[in-house]
Structure formats: structure tokens, C-alpha cells
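# Reading the structure
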Amino acid sequence: MAFDANSDVTDEALLVAYGNGDAEAAAMLTMRLTPRVLGFAARMLGGDRAEAEDVAQEAMLRLWKVAPDWRQGEAKVTTWLYRVVKNLCTDRLRKRRGVDIDAIAEPADDAPGAVAGMIEADRAAALQAALNQLPDRQRIAVTLRHLDGASNPEIAEVLEISVEAVESLTARGKRALKAILAGKREELGYDEH
Amino acid sequence: MTNTDRDDDKMLESFFEAGRADAPVPSQDLMARILADAQANMPAPAPIATPARRGLLAGLLAAVGGWPSVATMATAAVAGVWLGFVQPDALNSLSGGTLLPGSTATAYEVDDLIPSYGSFDVLLTEEG
């Protein structure tokens, strides 16, 4: 099967093709899904890039292994991957917390260069630091909804809760983020007008 | 919704925008590792559907065009046997004895082919 970069072939169709021994489909899936998996893992792990890469590789490995038995129409490939990443990250965070609790809940004050006139990357860092202070489920819901563009039903599937519970988690998460970031708006160069 | 709420929403959205723009880009090394895993775990290509092996009889049948042809051939064979058994003399008669020379008493006479020939002869005799 021939695919190009803008191919509108679904992830699922590519996965089935890979399951039938199509190497080109594997390359397409890697290009499409790795950035999303890595992004979500990095946010879950508080910005730890090396660990996020390990998680991304592990999640993709599980995808390759499940391909021959993939049951079509049951779950979106991305939703399945988000759930795997969530579980892998939760395990790692649990272990990490047992060792060093400060490693995750890094205060926003420690974000690099938190001074007035910050550039966008610093705002991203401040957001990450604020996200790190949220309870896991709120962080997952807000991250998937507002940074990864997942729908509420998808997030509900990832967290194995109802859509209403997702809406509630997202709302609480956003309220907490606003409270944390409100104190930073001046130093982060946020111009409200 | 108060102005402050709206401002807070706007502020938060600007942070989300920054967060989306700052998404980590996978390194070449990571992509290579993931692709290597994909290669290592890739199932063997599915064979292109091959026709099921068929037996000798099925092969022969297919070669002659299936059961309808067999029925036709059977009819032809039976007809052949029938002709062979029942009408050797008749066949030899038609061929003028060339099929089985000397074995038949039915060699053609002129009269056989032109029945009126004999009558003509008789007529001449009568008149002459």
C-alpha cells in the first residue's frame, strides 16, 4: 500500500496494514503518533524529556505488539495509546514519589527565567510547573483536552470515567491553574489588553 | 461571567497556546528506536491468497471445462460405442467397402446409386 505524508488513511487502517506486514504503514504510524505520545508523556512526567522518550518508545512497542490482534472499531488508536501512556507514567510517578516527592511538584517559582517580559517558551514552562501541582487526574484531563486536543469522550475512555466526570475534572483543573498562574501574569509578561 | 473571569480564561488560553507551541519534537534517535521496534515486531506479510490445492480429478475437470463438458463427452463416447457395435456394415456400405474391404457383401452397384439405371436396361431389352 502506498501512503504519503498527508494521507487521510486512518490510524486504525495503518495499524491493520502493519499487522499484515506492511513496513510503510509502520513508518507512517511512527511519524504520526510519536509526537503525540511523547508530548503527553512529557507533560505527565513534569517535563522530563529522557523519561518521556522511554515511555513513548514503550507505548509504541506495545502498539506494535497488539497490532495483529487489534480489534477494529473498539477504540481509537490514539485513545488506546493515551491510556497506555497514562498507565506507564502513573507507575513511574508512583515510584518517583516514593523516592523524591519534590521531583514532581516543582513550584512554579522555579520555572526558568520567571521574570517580566517572558517569551512564550517560558510561559509554557510556567504552565508545566502549574500542571505539575495538579492532582494526577486533573492534570491528565486538562492536558489531553487543552494541549493534545482530545475530546471529552476520548478522555473519559482514557481515565475510565464518565464524560460528566471529565467535565468536572477539567473545570476544577482549570480553576486551579488560573489560581496558580494568576500570580504570575505580570512576571510572565501577560498583557491583558 | 465577570470581566475577571473572562480575563482569567483569556490568560489561561494564552498559556495553553504557549504549551501547545512548545510540544516536544521527537528526536531522530527516538524515531529510529521506535522504527527498529516496529521492524523487529512486524508480523510476516500476509500471503497473497493462493488458490486451494486441488486434486487430480478436479484438475482434469477444470481442464476440460467442468461437469457440463464431461456430460457431453460421455454422450459422445456412448454414441461412438453404439455406432461401433451396431453399424459396421452400414458404415462400410456408405464408404463403398473401403473401411473393411472384402468383408462385406454390400459393395455398391450402379443400380444402388442410380436405381433407374437397371430399369432403363430392362426397357431397352424389352424394346429391342
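Residues numbered from 1 in each chain as written. Chains lettered and ligands numbered in written order. Predicted model: local features only at pLDDT ≥ 70, side-chain atom pairs only at ≥ 80, totals over all residues. Heavy atoms only, no water.

## What to know about the overall build of chain A
Broken down by element type, chain A carries eight helices and zero strands. Walking chain A from its N terminus toward its C terminus, one meets helices and strands in the order α-α-α-α-α-α-α-α. Counting all 193 residues of chain A, 50% fall into the buried class. Within chain A, contacts between residues at least 6 apart in sequence are counted, and of these 63% link residues at least 24 apart. For chain A, the computed accessible surface area is about 8,800 Å², with 49% contributed by carbon and sulfur atoms. (Helix = DSSP H or I, 4+ residues; strand = E, 2+ residues; numbered from the N terminus. Buried < 20%, exposed > 50% of the residue type's maximum accessible area, 1.4 Å probe, protein only. Contact = heavy atoms within 4.5 Å. Areas by Shrake-Rupley, 256 points an atom, 1.4 Å probe, with all protein chains shown as cover.)

## Focus: the packing of aromatic side chains
All names here are of chain A. The full count for this structure, using the stated rule, is three aromatic pairs over all chains. For the ring pair Trp70 and Trp80, a centre distance of 5.9 Å and an interplane angle of 75° mean the geometry is edge-to-face. Taken together, the positions of Trp70 in the loop between helix H3 (49-66) and helix H4 (77-99) and Trp80 in helix H4 put the pair 10 residues apart, joining distant regions of the chain. Classification of Trp70 by relative accessible area gives buried; the value is 11%. (Phe/Tyr/Trp six-rings, centres within 6.5 Å; stacked < 30°, edge-to-face > 60°.)

## Points about the side chain of Gln57 of chain A
The topology assignment puts Gln57 of chain A in helix H3. Taking the relative accessible area as the measure of exposure, Gln57 of chain A reaches 17% and is therefore buried. A polar contact of 2.6 Å, which involves the side chain of Gln57 of chain A, links it to the side chain of Arg33 of chain B. Not counting the four nearest positions on each side in its chain, Gln57 of chain A is found in contact with Leu30, Arg33, Ile34 and Asp37 of chain B. (Polar contact = N/O pair within 3.5 Å; in protein donor to acceptor, adjacent residues only side chain to side chain.)

## As for the interface of chain B and chain A
On the side of chain A, 44 residues touch chain B, which itself brings 33 residues to the contact. For the pair chain B and chain A, the summed buried area comes to about 3,400 Å², and 67% of that belongs to carbon and sulfur atoms. Across the pair Glu53 of chain A and Arg33 of chain B runs a salt bridge whose closest N-O atoms are separated by 3.1 Å. Our count for the contact surface shared by chain B and chain A stands at 13 residue pairs in polar contact (both at pLDDT 80 or more). Within the residue set of the side of chain B that touches chain A, elements represented by two or more residues are helix H1 (3-21) and helix H2 (28-40) of chain B. (Buried area = accessible area lost by both parts, 1.4 Å probe. Salt bridge = Lys/Arg side-chain N within 4 Å of Asp/Glu carboxyl O.)

## Re helix H6 (residues 136-147) of chain A
Residue and element names in this part refer to chain A. With 12 residues, H6 should cover 16 Å at 1.5 Å per step; its first-to-last C-alpha distance of 15 Å lies within 8% of that length. Counted residue by residue, H6 has nine buried out of 12 residues, so it is predominantly covered. Along H6, the positions that sit buried rather than exposed are Gln138, Arg139, Ile140, Ala141, Val142, Thr143, Leu144, His146 and Leu147. One or two residues past the end of H6 sits Gly149, with phi positive at roughly 70°. (Expected span 1.5 Å × (residues − 1).)

## Overview of the nonpolar core
Residues and elements named next belong to chain A. Core analysis: the biggest nonpolar cluster contains 47 residues, and Met60, Leu63, Trp64, Leu81, Val85 and Leu144 have the highest contact counts within it. Each of two domains, domain 1 (1-104) and domain 2 (106-193), supplies a minimum of three residues to this core. The next biggest cluster of nonpolar side chains, apart from the first, holds 13 residues, and it includes Ala130, Leu134, Val142 and Leu177. (Core = buried A, V, L, I, M, F, W, Y, C linked by side-chain atoms within 4.5 Å. Domains from an automatic or database assignment.)

## Observations concerning the pattern of salt bridges
Here the structure, examined in full by the defined rule, presents 16 salt bridges over all chains. Among the ionic pairs, Arg20 of chain B bridges to Glu13 of chain B, the shortest N-O distance being 2.6 Å. On the accessibility criterion, Glu13 of chain B (29% relative accessible area) is partly exposed. One connected set of salt bridges, linked through shared partners, spans Arg49, Glu53 and Asp54 of chain A together with Asp29 and Arg33 of chain B.

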